[in-house]
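# Architecture at a glance
What follows is the residue order along each chain.
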Amino acid sequence: MSNPHHTEDNTLAGKIKKNVGVSLVKCYQCGKCSAGCPVSGDMDYPPSLLIHKLQTGLPNHEEDVLRSKSIWYCLSCEMCIARCPMEVDIPPMMDYLRGESIRLNKANPAAKNIIKFHKAFLNSIKNTGRLYEMGLIVDYKMKSLNMMQDVTLAPTMLAKGKLKIFPEMIKNRKNIRQIFLNTINKQK
Amino acid sequence: MARIGVFICHCGENISATVDCPKVSEVAAKFPGVAFSTDYKYMCSDPGQSLVVNAIKEHKLTGIVVSACSPRMHEPTFRRACAEGGLNPYQCEMANIREHCSWVHEKGDKTDQKAIDIVRMMVEKVKRNNALLPIKVPVTKTALVIGGGVAGIQAALDIANAGHKVIMVERDPSIGGHMSQLSETFPTLDCSQCILTPRMVEVAQNPNIKLYTYAEIESVEGFVGNFNVKIRKKAKSVDETLCNGCGMCTTKCPNKKNPNEFELGMGNRPAIYVPFPQAVPNIPVIDKTQCTYYKNGKCKICEKVCQPKAIRFDQEDEIIEVAVGAIALCTGFDIKKTDFFPEYGYGKYKDIIDGLQFERLASASGPTSGEIRRPSDGQVPKKIVFVACAGSRDPAKGIEYCSKICCMYTAKHAILYKHKVHDGQAYIFYMDIRAAGKNYDEFTRRAIEEDQAQYIRGRVSRIYERDGKLIVVGADTLMNAQTVEIEADMVVLATAGVANKGAEELAQKLHVSYDQHKFFSEAHPKLKPVETNTAGIYLAGACQSPKDIPESVAAASGVAGKIACLFANSELTREPLIAMVDRQAPPMYSSCTGCFLCQPVCPYNAIEREEVKDRNGNLVRELAFINPGLCQGCGTCVAVCKSKSIDIEGYTNLQMYAEVDALLNS
Amino acid sequence: MKLGFYPGCSLEGASREYNESVMAIAEKIGIELVSIPDWNCCGATAAHNLNKELSLSLPARNLALAEEAGLTELVVPCAACYSRFTMVQHELMHDEPLHKRVNEIIGKEYKGNLRILNVIQFIDEYVIDKLDENVKFEFNKKVACYYGCLLVRPNKVLKFDRTEDPQTMDIVMKKLGADAIDWAYKTECCGAGFSVSFTEAVARLSGNIVEDAVHRGAEAIIVACPMCHSNLDMRRKEIDKFNGKKSDIPVIYITQAIGVALGIDHKKLGLQRHFVPVNLKDFKPFVKKEIDVEKPQNMEVE
Ligand SMILES: Cc1cc2nc3c(=O)[nH]c(=O)nc-3n(C[C@H](O)[C@H](O)[C@H](O)COP(=O)(O)OP(=O)(O)OC[C@H]3O[C@@H](n4cnc5c(N)ncnc54)[C@H](O)[C@@H]3O)c2cc1C
Ligand code: SF4
Ligand code: SF4
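Notes on the structure in this doc start here. (Residues numbered from 1 in each chain as written. Chains lettered and ligands numbered in written order. Predicted model: local features only at pLDDT ≥ 70, side-chain atom pairs only at ≥ 80, totals over all residues. Heavy atoms only, no water.)

### Some points on the site of ligand 1
All names here are of chain B. Residues in contact with ligand 1 amount to 37 residues; listed here are only the nearest, E170, H178, K412, K547 and I549. Within the side chain of K412, one N or O atom sits 2.7 Å away from an oxygen atom of ligand 1. Note that an oxygen atom of ligand 1 is positioned 2.8 Å from one of the backbone N or O atoms of I549. Here ligand 1 has 1000 Å² of accessible area as a free molecule, and 98% of this is covered by the chains. Secondary structure elements with two or more residues in the shell around ligand 1: helix 6 (150-161), strand 8 (184-185), strand 19 (333-335), helix 11 (355-362), helix 12 (406-420) and helix 15 (549-567). Per-domain counts for the shell around ligand 1 show at least three residues from each of domain 2 (142-234 + 317-332 + 500-566) and domain 4 (333-498). (Near = heavy atom within 4 Å. Polar contact = N/O pair within 3.5 Å; in protein donor to acceptor, adjacent residues only side chain to side chain. Areas by Shrake-Rupley, 256 points an atom, 1.4 Å probe, with all protein chains shown as cover. Helix = DSSP H or I, 4+ residues; strand = E, 2+ residues; numbered from the N terminus. Domains from an automatic or database assignment.)

### Brief notes about the site of ligand 2
All names here are of chain A. In the vicinity of ligand 2, 14 residues are found, and the nearest of them are C27, C30, G31, C33 and C84. Within the residue set of the shell around ligand 2, elements represented by two or more residues are helix 2 (32-36) and helix 3 (47-56). Considered class by class, the residues forming the shell around ligand 2 number 10 nonpolar, 3 polar and 1 charged. (Nonpolar A, V, L, I, M, F, W, Y, C, P; charged D, E, K, R; others polar.)

### Looking at the interface of chain A and chain C
Chain A puts 52 residues into the contact, and the matching count from chain C is 56 residues. Together, the buried faces of chain A and chain C total about 4900 Å²; carbon and sulfur atoms form 59% of this surface. Where chain A meets chain C, there are 4 salt bridges. A salt bridge links K156 of chain C to E87 of chain A; the nearest nitrogen and oxygen atoms lie 2.2 Å apart. Linking chain A with chain C are 20 residue pairs in polar contact (both at pLDDT 80 or more), by the criterion used here. Here the element with the most residues in the side of chain A that touches chain C is helix 8 (residues 112-128) of chain A; it accounts for 8 residues. Residue composition of the side of chain A that touches chain C, by class: 24 nonpolar, 12 polar and 16 charged. (Contact = heavy atoms within 4.5 Å. Buried area = accessible area lost by both parts, 1.4 Å probe. Salt bridge = Lys/Arg side-chain N within 4 Å of Asp/Glu carboxyl O.)

### Comments concerning the interface of chain A and chain B
Contact with chain A, which involves 17 residues of that partner, is made by 21 residues of chain B. Roughly 1400 Å² of surface becomes buried between chain A and chain B when both sides are summed, with 55% attributable to carbon and sulfur atoms. Contact with chain B buries surface across chain A, with Y28, K32 and A35 of chain A losing the most and accounting together for 36% of the total. At the junction of chain A with chain B, the criterion picks out 1 salt bridge. Connecting chain A to chain B are 9 residue pairs in polar contact (both at pLDDT 80 or more). Counting only elements with at least two residues in the side of chain A that touches chain B, the list comes to helix 2 and helix 3 of chain A. Per-element tally for the side of chain A that touches chain B: the top contributor is helix 2 of chain A, with 4 residues. Residues of the side of chain A that touches chain B, tallied by class, amount to 8 nonpolar, 6 polar and 3 charged.

Honestly, it's all geometry; don't read function into it.
Rendered as structure tokens:
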């Protein structure tokens, strides 16, 4: 509980507390999250270090965080929170930071493909209501210009009956579009 | 006519920053019956008290109201001042305008008004106060020490050496507690048994100490100076007066494969056993849950081999009643076991052990005769990992506190390990090294500088087994939180210290308070560290919170000092704030109707039947009588009495109504 | 007996065999699984990576539709969908304003009366008691049960099995006669949704999983999540490259394993669709015996 008499915390950590209710002051830097995180080796700042940067409240560290690879490499596997002794809920914090990073146009170039994939994924849902895997892959490849990756995967998948050539459409697609318009595609 | 004095204290700025003290004093001066009113910066200071004393004399006051803090701290102070001024000390009342007013409100008129109201209530009360005389009760100069660990041993010896009788009750078959399981002790590395055993023997030999082992507290009644205690002496199935400790029974018992508690499961013991060679008393007990005879009626080999014929299969638990004047609680602590840790395998890996198990491995009298060998296959571990803060400072696991002793004993373990396994490497995962204490930090430095312990700052996320190795996955937070993986041969978890088994039940039997972790609570964290909030019951050692040996011993000597003070007088003075049943001249005798509804509700069994007889000795009536020695002034009887015949001295109905009236009619 | 059913996109596409095997055992046991009419994708990782309200609304629409259709229990075999559904239900039920807002977005009202079951819970409640009478073959293989992340974390919300070293799948497999081994990667992440966008990570994470299972002598990895399956199965080439050695350990859905034991035709269970061929043979006829599957400690979550 922070003291109600204190002035509002305008740091990124303060915003995280306000918007997703995750209190970073609780973290005492034990590193258990970083030790268990399956991708901490890929991250520029493993989860505990990321938190420590935010704990400082200094603009240069906050900038590092928003531009970091870490927030995009997080798999949302929840290993960190499962073992954190202070119950610092890192995955929702990561969700929030990703949102902010995109909103402020600061997403790390290394995350380009990951973001494109997420976007292609959502596009598929927006158009059909469901995930159309073939469409997703084509869309993603167009977006990422990564044509040659996985060229061998698709034919085998087709042969094994794992890919549908045509998308499956749900009936009430209007409802889905409405959901997108009300959330991610909201006009600000 | 009442002449009341009112003294408004500023308590530095504690009160005056919020409450307008001069104004309250001015208003109070005009209350009916108030003869004098003033305010002052620190009423509890020497000049403040003199001010009170002088005012009583000068203004011929009949009662005083000190309006300051809660009576908890300073009521005795002002009662003394009141007496010094020549009044009965119970003509003093405190109006709490700090906790009840200044600390909980903002500055303003309403707050001032509340302070004024509180003062007015107490003025009306004190006008109706009676002069009271303290109650004297005799003191039984025998102390009861519960728990025979190092704390209990120290307390018992100190009290006995002060010339008083001591009764010691220990749950296990031997005294000694956890210290008897330790190998060597920080920060000096002297052998634990070597310094403890002589003290254990002293307990057994001291003529002032009566020792009951394999015994527990059944019930406790009474109050400071006069407790009545029932002790359950569990059946050992051995006649202690006959047994000479020759050990034939334990050698010959064929049923030898029972987990040895003293070795924490890392060894076996017979069904009839002495927990360890230096046990005091050196008398075996039969574990009825394991003994072949108790299980299927055949065997009795111990009986046959026992020369003095001391085996008693038909022995029953015995209840022993004792009267004591004071109680020392020294029941110690326990530690979490390895199964408390899901991420470290729920205790399924044999080579992940706890700190006490490591003590046994390092102990010359332990299951490996002091060689460090891992439980699974007896190999000497060449890479060993110690995990500090295992379960401590871990709110997610329900233990937010620091267990205090683990940093030190982990450093000790690393040193002992290196002394025994010269080519071995110890790693210690830690969060902070907490080594505050004389020669303590030097000790942990020694582990690092001389004995090459590798300290890695980070918690361990997970441990799993692979190909006979334990893979320890942690992070080095001083190295960009990079993952560290160590293939260890053995892992020692410095698991959290927790309250001992049965602590809660015992606390309830003794009416002492305990915290959310079931550790017993001291009466004041700074000023009364060895007292409980029940008079006459004291605490020492790790039953209060995890403590090391020097701290436990110091506290135990503190308790002994307190008890010696108590026993220095043959009588105790008690506050006369107790319940009284109305008494009148014959033929009324009392408004009490003799319904005795009050009798069963009294939690202290203080209510007795008094027979009223006429001149010829004929029984006229039976009236309730409250034993002033037993009554604690809780007031439960007052609430149930239909004829309103009971009053609590100092809190009579008359006084209470006057207070309420003063509030409602202001 | 009728139960609500949410197949999810994977089960309709790349993980068809999971769907086929769920359906096959349900049919055998006499349970009708009724799909939510006009269901949509739950949004998976993509949605909650990019937009919180979207990530709540997509699953919420399905839950509302299920409720409208009068369903009370919903079987969700895909661990990812199960996790999203359970999390959304939890969040909505614990945050009144958010619940209102999401209802507005989806233009429907979700009341929160649905019980959401993952595939193991479904097996535990509806299938396991019928096994003894229906099982034909003993699954006499050494298996490594792999739970991944989404079935067990966050434990406080899902309240399913114990956090570390879970046992529910192991118990089912032991009942079928398998030797469920104790291994180290039961709940380590496989790389999840990064299969396409960050394949190196998936190769490493899934590689460690496959390696440990093989190292400990497992003959099959048993899974209950289409994402885990596709990473461990379809990414085997990358996995083997990472490990520097070839592996042929098949990855089998728990429902396929049950199907095999029930004597259902392997084609009907979709076993031929796997990238890593499933060559498990020599199943012994099932003899009912009292297998002592003691529940290990900490299995009960309050
Ligand atoms: C692994 C480890 C290593 C340690 N190493 C060191 C060290 O090197 N140096 C150091 O200074 N300290 C060390 N300590 C701390 C030391 O063990 C404690 O300070 C000490 O044991 C506390 O003594 P105690 O008498 O308060 O409690 P305990 O030793 O726990 O003794 C309590 C006694 O009370 C008895 N009892 C419990 N309940 C009841 C009951 N209801 N009725 C009757 N009897 C009861 C118990 O049977 C026991 O005999 C170590 C602790 C651990 C866990
Ligand atoms: S595990 Fe929790 S307390 Fe420890 S460093 Fe990570 S977030 Fe902080
Ligand atoms: S949720 Fe993200 S930060 Fe946490 S352990 Fe998984 S990948 Fe690492």
